[in-house]
Every structure is written in C-alpha cells, then in structure tokens.
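This is what each chain is made of:
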Amino acid sequence: MKLDDLARQVNQKSRLTGEFVLRSGRTASEYFDKYQFEADPILLDALAEQMAALVPAGTEVLAGLEMGGIAVVTALGRHIGLPCAFVRKAAKAYGTARLAEGAEVAGRQVLVVEDVVTSGGQVVLSAREFCRLGAHVDAAVCMIDRQEGGAEALAAEGIDLRALLTRADLASASAQAD
C-alpha cells in the first residue's frame, strides 16, 4: 500500500470532530485520536510494514514506549524479526523493578519506537535511561511526527528521528479527502 493511502486512512480513522478538552485546558472542535489507528490491526500492520524500512542497520533491540509505542513495536518487530523491549515511563517498584521488560538492552544497539512524537520529551528521557543501563541509542522511529520540535530536541541529544508520516502528510491527506 502506498504511503499517501496510509496517511489518508490514518487521517480518516483518527481525526475526530466534536468538542474536546485538550491537555492544555483549551477546547478544540477537532481531535487526533492516535489510538484509533493503533487499535486497527490491519492498518497498524500496514503502517508497521512501511516503517520497517526506517529501522537502521545494526539495530539489535526495538524498544517501544508506554503506551502507544507498545502496539507499534510489537507490529514492527513482527515485520523485521528483532526482539522487543516494552518500556515504562518509570520502573515499577515491585517484581523485576525494571524500566524495560522483554529483551535485554544492556550492551545492545537500541532503537526507540514511539507512536507519535510531539516534543520528543519522553523519547529523550527513555533514551537517557537506556544509556544508563548500558545501551547504545542514536536513533528513534515513530509513526507520526507532529513537527512540534521533537526532531530538533532529539537531534540535540544525538538521536536521529525517523518518521513514517508527518503532520504535513496528514494535513495533505485531509485536504485531498475534502
């Protein structure tokens, strides 16, 4: 499936209209609900198949960030056959008390996987934690870059952000649908 067709499907599935209170407290008449495309196994699989081309050579572990990145990393791992780590925002205080469950990250080249990147803040925090655990992180992939400074924030940390789609791609898909 072509990328512009996928962008159109993501836009149709995830762009909601109505009255929504945003994190900032502002009210909006339109909302992008990323979980709508992540919950569609056919669409998520098609996106992950395209995303596989963004995985840098030498990657040893895919690390999906809580919560949306978990679905994405699982679908992506299926396409490229690499082990996955499921990453919490903070290590739990019980059981294994680990930040990342699943594949071991210490001493390995880790690719951070996220669903949507806005500011890049969570990717930066998680990458720093991986480095403290002995992992090597120099790239991240996401399904959608909202183009709100995330790529720049990651670049400042030495992390290359590779996005399957951007906010501009989705805007273009929306304009074509109208």
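About the cut-offs
Residues numbered from 1 in each chain as written. Predicted model: local features only at pLDDT ≥ 70, side-chain atom pairs only at ≥ 80, totals over all residues. Heavy atoms only, no water. Helix = DSSP H or I, 4+ residues; strand = E, 2+ residues; numbered from the N terminus. Rg over C-alpha atoms; globule rule 2.2 N^0.38 Å. Buried < 20%, exposed > 50% of the residue type's maximum accessible area, 1.4 Å probe, protein only. Contact = heavy atoms within 4.5 Å. Pairing = 2+ DSSP bridges. Axes fitted to C-alpha atoms, helices over the stretch in contact; angles between N-to-C directions. Left-handed = near helix turned anticlockwise from the far one by under 90°. Nonpolar A, V, L, I, M, F, W, Y, C, P; charged D, E, K, R; others polar. Core = buried A, V, L, I, M, F, W, Y, C linked by side-chain atoms within 4.5 Å. Expected span 1.5 Å × (residues − 1). Polar contact = N/O pair within 3.5 Å; in protein donor to acceptor, adjacent residues only side chain to side chain.

Novice: Help me understand the overall build of the protein chain in this model?
Specialist: For the protein chain, the helix and strand inventory stands at seven helices and eight strands. Radius of gyration (C-alpha) of the protein chain: 16 Å, near the 16 Å computed for a compact globule of 178 residues. The dimensions of the protein chain, computed from C-alpha atoms along their principal axes, are 50 × 40 × 30 Å. Of all 178 residues assigned to the protein chain, the portion counted as buried reaches 43%. Long-range pairs, those at least 24 residues apart, make up 57% of the contacts in the protein chain between residues at least 6 apart in sequence.

Novice: Would you mind showing me how to read the pairing of strand E2 (residues 27–32) here?
Specialist: Taken residue by residue, a regular strand's side chains alternate between the two faces of the sheet. As paired strands, strand E1 (residues 15–21) and E2 are joined by five bridges and run antiparallel to one another. Counterpart to Arg15 in the pairing with E2 is Phe32. In textbook terms, the turn of a hairpin is the stretch between consecutive antiparallel strands, and for E1 and E2 this stretch comprises five residues, one of which, Gly25, has a positive phi near 95 degrees.

Novice: Looking at this structure, how should I read the packing of helix H1 (residues 3–14) against helix H3 (residues 41–51)?
Specialist: Two numbers describe a pair of packed helices, the interaxial angle and the distance between the axes. At their nearest, the axes of H1 and H3 sit 11 Å apart, and the two run at 145 degrees to each other. As H1 runs across H3, the sense of the crossing is left-handed. Contacts between H1 and H3 involve Leu3, Leu6, Gln9, Val10 and Lys13 on the former and, on the latter, Leu43, Ala46, Leu47 and Gln50. Here the contact of H1 with H3 is built from residues that sort into six nonpolar, two polar and one charged.

Novice: Quick question: what am I supposed to make of the nonpolar core here?
Specialist: Burial of nonpolar side chains together is a common tendency in soluble globular proteins. Core analysis: the biggest nonpolar cluster contains 31 residues, and Val10, Leu47, Met143 and Ile144 have the highest contact counts within it. Listed by contribution, the elements that provide at least two residues to this core are H1, H3, helix H4 (68–80), strand E6 (109–117), strand E7 (136–145), strand E8 (160–166) and helix H7 (167–177). In terms of residue count, the dominant contributor to this core is H3 (six residues). In contact with Leu47, not counting residues within four places along its chain, are Leu6, Val10, Phe37, Met143, Leu164 and Leu165.

Novice: Explain H4 to me, please; I cannot follow it from the model alone.
Specialist: Three or four residues apart is the spacing at which side chains of an α-helix point the same way, because the helix has 3.6 residues per turn. An ideal rise of 1.5 Å per residue puts 18 Å on 13 residues; H4 measures up with 19 Å between its terminal C-alpha atoms. Residues Gly68, Gly69, Val72, Val73, Ala75, Leu76 and Gly77 constitute the buried set of H4. Buried positions along H4 lie against helix H2 (35–38), H3, strand E3 (61–65), strand E4 (84–87), E6 and E7. One or two steps after H4, the chain reaches Gly81, where phi turns positive at roughly 75 degrees.

Novice: Help me out: how do you make sense of the environment of Glu104 in this one?
Specialist: Assignment of secondary structure puts Glu104 in the loop between strand E5 (100–102) and E6. Expressed as a C-alpha distance, the spacing of Glu104 and Val61, which sit 43 residues apart in the sequence, is 7.9 Å. The contact partners of Glu104, leaving out residues within four places of it in the chain, are Val61 and Arg98. For Glu104, the side chain forms a polar contact with the main-chain nitrogen of Ala106, separated by 3.3 Å.

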